[in-house]
Amino acid sequence: MSWQILSQLGISGLSIGSIYALVGLALVLPYKASGAVNFAQGEIVTFGAYMGLVLTGLGLPYLAAVPLVLLIAAAAGALIERFLIRPIMAGPEFTLVITTFAIGIVIKALIRLHWQDNTFTLDAPFIAPPFKLGALRLNPAYLVFVASMTGISAGLSLFLAYTKFGKAMRATALDPIAARLMGIKPARVLSSAWGLAAALGALVGLLLGPVIGVNPEMGHLILKGLVAAVIGGFSSLGGAVAGGILLGLLETYAGAFWGATFKNLVPFAVLILILLARPEGLAGPASARRV
Amino acid sequence: MVLLETEGLSINFGGVAALADVSISVQPGEIHGVIGPNGAGKTSFINAVTGFVKADQGCIRFDGADVTGLAASSLSAGGLGRTFQHAELFGECTLLENVLTGFYRHQRYGLLAAVAGFGKAARIERQTRKQAAGLLAQFGLADLAQHRASDLPFGLQKRADMARALAAKPRLLLLDEPVAGMSEGEADETAASIKQLARELDITLVVVEHNMRILMSLATTVTVLAQGRVLARGRPDVIRANPEVIRTYLGEDA
Amino acid sequence: MRIVIPVIAFAAVSSVPLFATSYYLYLAELAMINVVVALGLNLLCGNGGLISLCNGSFMAAGAYGTALLTSEAGLSGLAALPAATLLTSLLGAILGYPARRLSGLYLALVTLGFLELVQIAIEEYPDITGGIRGLKVARPAILGLSLQSETALYLLVAALTAFAIFAAWNIQKSRFGRALDALRQSPFAARSLGIPVARMKPFAFALNAAFAGCAGGLFAMVTGFIDPTEFGVLESLKHITFIVVGGLGSVAGSVLGAALFTALPEFLRGTNEYSELVYGLILLGTLLFFPRGLAGLWERLPALPLQRAASKEPVHGAS
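How each quantity is defined
Residues numbered from 1 in each chain as written. Chains lettered and ligands numbered in written order. Predicted model: local features only at pLDDT ≥ 70, side-chain atom pairs only at ≥ 80, totals over all residues. Helix = DSSP H or I, 4+ residues; strand = E, 2+ residues; numbered from the N terminus. Buried ≥ 20, exposed ≤ 12 C-beta atoms within 10 Å, placed from the backbone. Contact = placed C-beta atoms within 7 Å. Nonpolar A, V, L, I, M, F, W, Y, C, P; charged D, E, K, R; others polar. Expected span 1.5 Å × (residues − 1). Domains from an automatic or database assignment. Pairing = 2+ DSSP bridges. Axes fitted to C-alpha atoms, helices over the stretch in contact; angles between N-to-C directions. Arc of directions from axis to C-beta. Parallel < 35°, antiparallel > 145°, perpendicular 65-115°, else oblique. Left-handed = near helix turned anticlockwise from the far one by under 90°. Core = buried A, V, L, I, M, F, W, Y, C linked by C-beta atoms within 7 Å. Right-handed = clockwise from strand over helix to strand, strands pointing away.

1. What to know about the overall build of chain B
Part 1 of the reasoning: A count of helical and extended segments in chain B gives 10 helices and 10 strands.
Part 2 of the reasoning: Based on the C-alpha atoms only, the size of chain B along its principal axes is roughly 60 × 40 × 35 Å.
Part 3 of the reasoning: Burial statistics for chain B: of 254 residues in total, 46% are counted as buried.
Part 4 of the reasoning: Once local pairs closer than 6 in sequence are excluded, the contacts in chain B between residues at least 24 apart make up 67%.

This is the structure we're talking about:
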């Protein structure tokens, strides 16, 4: 195996890993805020892609459509949180988990009702032939994926660390009661977290759609995002990013060395292994002393 | 012959010592009171002894056997039971069902018998039902047997918790703040029930409380905890007169 | 009274072949199979409070198991079905055991991972499983009688379903049912009473898998064909819909929910595309507004006079 091939694979892995990282982020954000995993996140990715389709179909250029879609998705996410999630947050975890699944089913069904199972093309400026950089062939889409992931991760960290609202989010995640006492409105934080996560998901749809085609099955991606989040212990945003990249690399190398079957096995094998051996993830703190 | 003893029990939570070098000795038949102000380590003590939290140092011996580090369900099987400060009843179940659940280990029938429904399982269930009703009656809860546990006021829930814990037929029962959250009248009633219990059953009690008055009326021996350490131990009247104990409790109800 | 109602119900159900067409017979069989699935899932999720997203896999295991034991191992239908059920039950325990210290979300994720692994395994060994194109199943013989007779097959399904209802009801009433309820409501209290919480999880999964496996075997016999895509996440969610809408923790709820959702797609025949949407909306609506399902609504029906008589109202002075 030459360095060239290894690096080529590495770039592939890194770029698809960036996508997984973004989905992972979108899953961990609402979890940190409300303790709920949004199993409809995959369908939000699909939703974002189709929204992009609609807006570009109306004549808007891709780059103009993107912020609009993000806004729509953010609003949708906040609404879902406010009216579908918050009322049942106090109930059993079972209800919460299944509710998000149900939301996903409804979103996907609505999409399929209108567009059936066809695959559509979404035009984007980064769909261009690969170019050469030294000995490597780089796909511009890959670069956009990696750049988006880096930019968003950096932006998110800065936001959470330095802005007032970001700090409010962290405070609420750590101790909702204390946060309330400090005057932070938990409702706002919750809605924003879900809105932000939905926007992230929609962005993934907008990035991925042009590359793999827009179709209702895009939501399957959520499984990869879940694995990424689990690798990061589900409580660490940085962990989710690292997990996503790690997963992308593992998958790509496994596929190259051992074939398609192994490539498909990797995410689930990793998922089960981590959950059984070290549920707190590779980044999380060591297990509590529970007997 | 000591029934329960701990030696040098220590638990640290991120640098804070919840328990430090706690050695306690409980004789069979005693009502051993463990008292201390809030934050003294009483909860950590119960959790450690009943297998809910692993101690960092020290050992626990029950009936001569080393049980350090054993899980809660194993300890319970060995005859060590507990109640909970917040009752921890099975809220959606009735009181009767709660107490019936306590008999789990003593109902010796397997899955196949359960599936069949008639025969051995049915017989055992009938017997246990009677025993459960009896336990509820002992705590004055007979009329409420069909009530949903979460519908009941806190004081009654605590009593039901005791009935349920007794269903498991423990040899030693740790009571976690049995009168916390009760009015004075209720607390006295509960204390009376506990005393009666100790008289009628072949059981040893460890009562962890911070209500000094109630505890002193109940206990035959007292250990005082403060800031995770054993401050004093001995007979109630001696403890009561102990100046250090009084000082620790300044401001608390005495 | 306790005995009379089930007997009448069974007699009614058994008489269906006398007047129903082949199609309605098939529908009834599917409904009963779904009842068996729902009963097992309800024990795990409704009573035990555990989240399982892989029920489809257990059903698949039962289906493939029965099919392969009859065709490859030459077992008669009478032996293949229980054997497949037992093997599936074992599979459930195998899943439950390593996951015994997990709960809630993490458990759900493990079951999800397990389901995907099973799907991959099915597709990876097409020589055995027929791969993605599915597996044809020949009608097995039971007690020498070939089940070519529609009626015989129907009665078999009905009998097993009746037994499943009987078993689930008894398990729920027994100390095992109470232990599962304890596990769900307060694992702390359960442990303090000596209930082996860690062991209960594989037990609950094994129980659930047994029901699902049996249902799967019957499904293979009834439809004559196993399509692996029918045992994925969506199917598993549909199973969950049976018990959520029917009523978590309720045997009657399992029966109601399963029957309802088997009939539903038939009523939505002309509007096939809408069926997914309707499923999703019913599930969502139930979770948000009627979390206790149909069985829960039924419990609240008894009007005020009855309520005062039965002392179910909260005691005064509730804190």
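2. Comments concerning the interface of chain C and chain B
Part 1 of the reasoning: Taken together, the 27 residues of chain C in the interface contact 33 residues of chain B.
Part 2 of the reasoning: Breaking the side of chain C that touches chain B down by element, the ones donating at least two residues are α7 (150-173), α8 (175-185) and α9 (187-192) of chain C.
Part 3 of the reasoning: Here the side of chain C that touches chain B gets 7 residues from one element, more than from any other, and that element is α8(C).
Part 4 of the reasoning: For the side of chain C that touches chain B, the class distribution of residues is 14 nonpolar, 9 polar and 4 charged.

3. With respect to the interface of chain A and chain C
Part 1 of the reasoning: The interface of chain A with chain C comprises 33 residues on the first partner and 32 residues on the second.
Part 2 of the reasoning: Elements with a minimum of two residues in the side of chain A that touches chain C: α4 (93-115), α9 (222-231) and α11 (260-277) of chain A.
Part 3 of the reasoning: At 15 residues, the largest contribution of residues to the side of chain A that touches chain C is made by α4(A).
Part 4 of the reasoning: Per-class residue counts for the side of chain A that touches chain C are 26 nonpolar, 5 polar and 2 charged.

4. A short note on helix α2 (residues 41-57) of chain A
Residue and element names in this part refer to chain A.
Part 1 of the reasoning: In this model α2 runs 24 Å from its N-terminal to its C-terminal C-alpha over 17 residues, within 8% of the 24 Å that 1.5 Å per residue would give.
Part 2 of the reasoning: Burial analysis of α2 places 15 of its 17 residues in the buried class, the great majority of the element.
Part 3 of the reasoning: Where α2 ends, the next residue or the one after it, G59, has phi of about 110°, a positive value.

5. Notes on the domain arrangement of chain B
Residues and elements named next belong to chain B.
Part 1 of the reasoning: What the domain assignment reports for chain B is domain 1 (1-79 + 170-254) and domain 2 (89-169).
Part 2 of the reasoning: A C-alpha centroid distance of 26 Å is found between domain 1 and domain 2.
Part 3 of the reasoning: In this assembly, 10 residues from domain 1 lie in contact with 9 residues from domain 2.
Part 4 of the reasoning: For the side of domain 1 that touches domain 2, the class distribution of residues is 5 nonpolar, 4 polar and 1 charged.

6. Concerning the sheet that holds strand β1 (residues 4-13) of chain B
Residues and elements named next belong to chain B.
Part 1 of the reasoning: Judged by pairing direction, the sheet is antiparallel, and its 4 strands sit side by side in the order β2-β1-β4-β5 without closing on themselves. In the strand order of this sheet, the two ends are held by β2 (16-26) and β5 (65-66), each with one partner.
Part 2 of the reasoning: The strands touched by helix α1 (residues 42-49) are β1, β2 and β4 (57-62); relative to β2, the strand with the most contacts, the crossing angle is about 65°.

7. Here's the deal with the sheet that holds strand β10 (residues 229-234) of chain B
Residue and element names in this part refer to chain B.
Part 1 of the reasoning: Across the sheet, which stays open at both edges, the 6 strands sit in the order β6-β7-β8-β3-β9-β10 with mixed pairing between neighbours. Either end of the sheet is taken by a strand with one partner, and the two such strands are β6 (80-82) and β10. For this sheet, the mean inter-axis angle between neighbouring strands, taken without regard to orientation, is 20°.
Part 2 of the reasoning: Pairing between strand β7 (residues 172-176) and strand β8 (residues 204-209): 5 bridges, direction parallel. Bridging across to β8, L173 finds its partner in L205.

8. Describing helix α6 (residues 164-174) of chain A
All names here are of chain A.
Part 1 of the reasoning: Three or more residues of α6 are buried, namely A168, M169 and T172. Axial view of α6: buried residues confined to an arc of 100°, hence all on one face.
Part 2 of the reasoning: Buried residues belonging to α6 abut α1 (3-34), α5 (140-162), α7 (176-181) and α8 (186-212).

9. Here's the deal with the packing of α4(A) against helix α13 (residues 274-289) of chain C
Part 1 of the reasoning: Interaxial distance between α4(A) and α13(C) falls to 8 Å at its minimum, and their mutual angle equals 150°. Of the possible angle classes, the one that applies to α4(A) and α13(C) is roughly antiparallel. By crossing handedness, the relation of α4(A) to α13(C) is classed as left-handed. In contact with A:T95, A:I98, A:T99, A:A102, A:I103, A:I105, A:V106, A:A109, A:L110 and A:L113 of α4(A), α13(C) contributes C:E276, C:L277, C:Y279, C:G280, C:L281, C:L283, C:L284 and C:L287.
Part 2 of the reasoning: Considering only residue class, the contact of α4(A) with α13(C) consists of 14 nonpolar, 3 polar and 1 charged.

10. Looking at the nonpolar core
Part 1 of the reasoning: Counting 273 residues, the largest nonpolar core has A:V23 and A:A202 as the members making the most contacts within it.
Part 2 of the reasoning: A domain split of this core shows at least three residues from each of domain 1 (1-79 + 170-254) and domain 2 (89-169) of chain B.
Part 3 of the reasoning: In contact with A:A202, other than residues within four places in its own chain, are A:I44, A:F47, A:G48, A:M51, A:V69, A:L70 and A:A73.

11. Here we look at the pairing of β8(B)
All names here are of chain B.
Part 1 of the reasoning: Of all 6 residues in β8, 6 are buried; the element is thus mostly enclosed.
Part 2 of the reasoning: Covered by surrounding structure in β8 are T204, V206 and V208 together with L205, V207 and E209, the residues of both alternating faces.
Part 3 of the reasoning: Pairing analysis gives 5 bridges linking strand β3 (residues 31-35) to β8, with the strands arranged parallel. Bridging from a neighbouring strand, H32 pairs with V206 of β8.
Part 4 of the reasoning: Remark: the β7/helix α7 (residues 184-200)/β8 crossover connection has right-handed handedness.

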